[in-house]
Amino acid sequence: MSTTTPREVTTGPAPVRPRRSLRAHSTLAFWLFTGPFLIGLLIFVYVPILWSAWLSFFEARFTVTPSEFVGFENYRTMLTDDDFMGSLVTFTVFAVIIVPTTWALSLALALAVNRLRFMRAFFRSVFFLPTAVSYVAASLIWKMSIFNGVRFGLANTVLGWFGADDTAWLASPDPPWYWLVVVTVRLWLQAGFYMILFLAALQNIPPELYEAAAIDGAKPGWQTFRHITLPQLRATSTAVVLLLLVAAYQAFDEFFNLLSKTTWGRPPLVELYYKALGDNQDYGAGSAGALILTLLICLVTLLQGRIMGFGRSEGAK
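Okay, so let's go over this structure. (Residues numbered from 1 in each chain as written. Predicted model: local features only at pLDDT ≥ 70, side-chain atom pairs only at ≥ 80, totals over all residues. Heavy atoms only, no water.)

**Some details on the overall build of the chain**
Along its length, the chain carries 13 helices and 2 strands. Whereas a compact globule of 317 residues would reach a radius of gyration of roughly 20 Å, the chain reaches 29 Å, over 25% beyond that. Across its three principal directions, the C-alpha atoms of the chain cover 125 × 75 × 50 Å. Here the chain, with 317 residues, has 33% of them falling under the buried criterion. Counting contacts in the chain only where the partners sit at least 6 residues apart, residues at least 24 apart contribute 66% of the total. (Helix = DSSP H or I, 4+ residues; strand = E, 2+ residues; numbered from the N terminus. Rg over C-alpha atoms; globule rule 2.2 N^0.38 Å. Buried < 20%, exposed > 50% of the residue type's maximum accessible area, 1.4 Å probe, protein only. Contact = heavy atoms within 4.5 Å.)

Below you can see the structure in the form of structure tokens.
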């Protein structure tokens, strides 16, 4: 009887199969997701900005491929243009009205919603819902239904109950009733968005601060709001003010749709629209005005952020 000895099996490390590293997969996924967005940003944002800067140094009427270099002549023209400088005055009036009003209204809405014990999500959604409405659609509703200058307009109907005459809200700059129309439509559209920002900041305030204040004898209401709530909202308030300023500089849709046939009440973007796409189609001067407005927005934003301490640490003096 023959016996067989078992074959010795040698064990060793298994061969490593070649495969892509996790870093290569992450890089590929990053470019797949962000590549289309970056391409669109380059084509539709950065290239037009650079081309606009190029046009601002040329005589460009009825063409976007100019050949006559004029240097800073377009900038001098815009800075001495009464209509363009008047549009900056219009913006100043608009910002003085809309920025503090929106800040106060959105903060008041956030405080009211934050105090609710039931249906908080419902009211948060109700106040936020107008932000999804188009500025064009809202402007037409304000113009044709609410502030229509004839008798069947909602505002004139309500005033008629008290014996007041019909008011032509958008027909004349004297008295400037059009400001009421422009400001209310912008308030309705954007207050809900900034309410959400304030609401998130309110919910991040530690409740221990209010408990400690109550132990120290602080009265609920204005006293705790002034000494606890408002200081804790400093960073959010600064961000809201900066966003409101930039949005005010970029106001276009409501002014264009409410006051399209008027020569007064034009903010900078509307004035640049008529400058570049009006009868003369002066793309060079329009581009120069756009760059002036961009630099002005950057300057005001940086100055406002420095004054209000945006980005400053809590311990910094």
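**Notes on the nonpolar core**
Core analysis: the biggest nonpolar cluster contains 56 residues, and F94 and F255 have the highest contact counts within it. At the level of elements, helix 2 (73-79), helix 3 (82-114), helix 5 (135-146), helix 7 (178-203), helix 10 (234-249), helix 11 (253-258), helix 12 (268-277) and helix 13 (283-307) are the ones that each hand at least two residues to this core. Per element, the largest residue contribution to this core is 15 residues, and it comes from helix 7. Residues in contact with F94, not counting those within four places in the same chain, are W179, V182, R186, A248, A251, E254 and F255. (Core = buried A, V, L, I, M, F, W, Y, C linked by side-chain atoms within 4.5 Å.)

**Regarding the packing of aromatic side chains**
On inspection of all chains with the given rule, the structure shows 23 aromatic pairs. Ring geometry for F122 and F123: centres 5.2 Å apart, planes at 80 degrees, overall edge-to-face. With relative accessibility at 46%, the residue F122 sits in the partly exposed group. Clustering of aromatic rings is evident, with ring pairs tying together F94, Y178, W179 and F255. R266 extends its terminal NZ or CZ atom over the ring of Y274, reaching a point 3.9 Å from the ring centre. (Phe/Tyr/Trp six-rings, centres within 6.5 Å; stacked < 30°, edge-to-face > 60°. Lys NZ or Arg CZ within 6 Å of the ring centre and 35° of its normal.)

**Some words on unusual backbone geometry**
Glycine aside, the phi torsion of most residues is negative, and most peptide linkages are trans. Of note, the bond from D174 into P175 is cis; its omega dihedral lies within 30 degrees of zero at 0 degrees. Secondary-structure assignment places P175 in the loop between helix 6 (154-161) and helix 7. Phi is positive for F62, which is not a glycine, with a value near 65 degrees. Within the secondary structure, F62 is located in the loop between strand 1 (58-59) and strand 2 (68-69). With phi around 60 degrees, M119 is a residue other than glycine that occupies positive phi space. Take M119: its relative accessible area is 44%, and that puts it in the partly exposed class.

**Structural notes on the side chain of T167**
With respect to the helices, strands and loops of the structure, T167 is situated in the loop between helix 6 and helix 7. Residue classification places T167 among the buried residues on the basis of a relative accessible area of 15%. Ignoring any residue separated from it by four or fewer positions in sequence, one finds T167 in contact with N148, G149, N156, L159 and W177.

**A look at the environment of L277**
Along the chain, L277 falls in helix 12. With relative accessibility at 48%, the residue L277 sits in the partly exposed group. Sequence separation between L277 and F62 is 215 residues; the distance between their C-alpha atoms is 9.0 Å.

**Topic: the packing of helix 3 against helix 7**
At a minimum axis distance of 6 Å, the contact between helix 3 and helix 7 shows a crossing angle of 45 degrees. On the basis of their axis angle, the class for helix 3 and helix 7 is oblique. Along this stretch, helix 3 crosses helix 7, giving a crossing that reads as right-handed. Within the contact of helix 3 with helix 7, the residues separate by chemical class into 21 nonpolar, 7 polar and 1 charged. (Axes fitted to C-alpha atoms, helices over the stretch in contact; angles between N-to-C directions. Parallel < 35°, antiparallel > 145°, perpendicular 65-115°, else oblique. Left-handed = near helix turned anticlockwise from the far one by under 90°. Nonpolar A, V, L, I, M, F, W, Y, C, P; charged D, E, K, R; others polar.)

**Describing the pattern of salt bridges**
Under the counting rule described, the total for this entry stands at 6 salt bridges. A salt bridge links R61 to E59; the nearest nitrogen and oxygen atoms lie 2.8 Å apart. Its relative accessible area of 40% is what places R61 among the partly exposed residues. The exposure class of E59 is partly exposed, given its relative accessible area of 29%. The partner of R266 in a salt bridge is E271, with the nearest N and O atoms 3.7 Å apart. Across this residue pair, the class does not change: R266 and E271 are buried. (Salt bridge = Lys/Arg side-chain N within 4 Å of Asp/Glu carboxyl O.)

None of the figures reported here should be taken as evidence of function without further support.
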